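Each chain, written out:
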Amino acid sequence: MTCMTGGCQCGRVRYLAEADEPDAYLCHCAMCRRATGGASIAFVSVPLAALRWQGEPAWYRSSEIAHRPFCPACGTPLGFAFVDDATDIDLTLGSLDDPTGFVPSHNYASESILPAWQDTSHLPSTRSDDNANVTKRWMDKVGKLPD
Ligand SMILES: [Zn+2]
Ligand SMILES: [Zn+2]
């Protein structure tokens, strides 16, 4: 049993889910790209009955067949579900408190993959705390770096 907690950026919407074998995957479809602003979206699928919201999300119809929960205050995309006969809900990996344990099992909507963005491990990498400009802004305003 995997226990997952997560929520939006501002903290207004939180959730808890427990699932036996949550399936993690990437969706590359254009609707998911627009819904998240990302090159693709990482989802973790859990049974709808396993999810409890703590602070209700808002929902919008992203197509004739699906709707998506999001935070009405900060806009964080929280998931995806079919409108009719939904048995599962996909939670956005990025909204999980601890996404580190999940490994994607497959790509969905592979016809829409943006190949240049799939594997960036060969690119030069910079730690955020090596960026003096941003570090100074955080230290001046907050006194510490973000978690
Ligand atoms: Zn929020
Ligand atoms: Zn999609």
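In what follows, the accompanying structure is described. Here the structure is a predicted model, which means the values were calculated and not measured. (Residues numbered from 1 in each chain as written. Chains lettered and ligands numbered in written order. Predicted model: local features only at pLDDT ≥ 70, side-chain atom pairs only at ≥ 80, totals over all residues. Heavy atoms only, no water.)

1. Some remarks on the pairing of strand β7 (residues 66-70)
Argument step 1. Judged from the four bridges that link them, strand β6 (residues 58-61) and β7 form a sheet pairing that is antiparallel. Note on β7: the bridge partner recorded for Ala58 is Phe70.
Argument step 2. If you look at the hairpin formed by β6 and β7, you'll find four residues sitting between the two strands.
Argument step 3. Pairing analysis gives two bridges linking β7 to strand β8 (residues 79-82), with the strands arranged antiparallel. Counted as the bridge partner of His67 is Ala81 from β8. (Pairing = 2+ DSSP bridges. Helix = DSSP H or I, 4+ residues; strand = E, 2+ residues; numbered from the N terminus.)

2. A look at the coordination of the zinc ion (ligand 1)
Argument step 1. For the zinc ion (ligand 1), every protein donor is listed as Cys8 (SG), Cys10 (SG), Cys71 (SG) and Cys74 (SG), and the spread of their distances is 2.3 Å.
Argument step 2. Viewed at the metal, the four donor atoms of the zinc ion (ligand 1) are separated by angles of 104 to 113 degrees, and the geometry they form is tetrahedral.
Argument step 3. Binding-site remark: the zinc ion (ligand 1) is held by donors from one chain whose sequence spacing is C-x1-C-x60-C-x2-C. Residue Cys8 is found in the loop between β1 (2-7) and β2 (14-19), and its partner Cys71 is found in the loop between β7 and β8; the two are separated by 63 residues along the sequence. Of the two residues, Cys8 and Cys71, neither departs from the other in class, the shared state being buried. (Donors = N, O, S within 2.8 Å, 3.2 Å for Na, K, Ca; no water. Tetrahedral: all angles 85-135°; square planar, octahedral: opposite > 155°, others 65-115°. Buried < 20%, exposed > 50% of the residue type's maximum accessible area, 1.4 Å probe, protein only.)

3. Considerations on the coordination of the zinc ion (ligand 2)
Argument step 1. With distances of 2.2 to 2.3 Å, the protein atoms coordinating the zinc ion (ligand 2) are Cys27 (SG), Cys29 (SG) and Cys32 (SG).
Argument step 2. Its relative accessible area of 14% is what places Cys29 among the buried residues.

4. Brief notes about the sheet that holds β1
Argument step 1. The antiparallel open sheet is built from three strands, whose spatial order is β1-β2-β5. Of all strands in the sheet, those bounded by a partner on one side alone are β1 and β5 (51-54). Pairwise comparison of adjacent strand axes, ignoring direction, gives a mean angle of 15 degrees for this sheet.
Argument step 2. Bridging between β1 and β2 involves six bridges; their strand directions are antiparallel. Following the sheet pairing, Thr2 is matched in β2 by Ala19. (Axes fitted to C-alpha atoms, helices over the stretch in contact; angles between N-to-C directions.)

5. Brief notes about the pairing of β5
Argument step 1. The two faces of β5 differ: Leu51 and Trp53 on one face are buried, but Arg52 and Gln54 on the other face are not.
Argument step 2. The sheet contact formed by β2 and β5 spans four bridges and is antiparallel. Bridged to Arg14 within β5 is Gln54.

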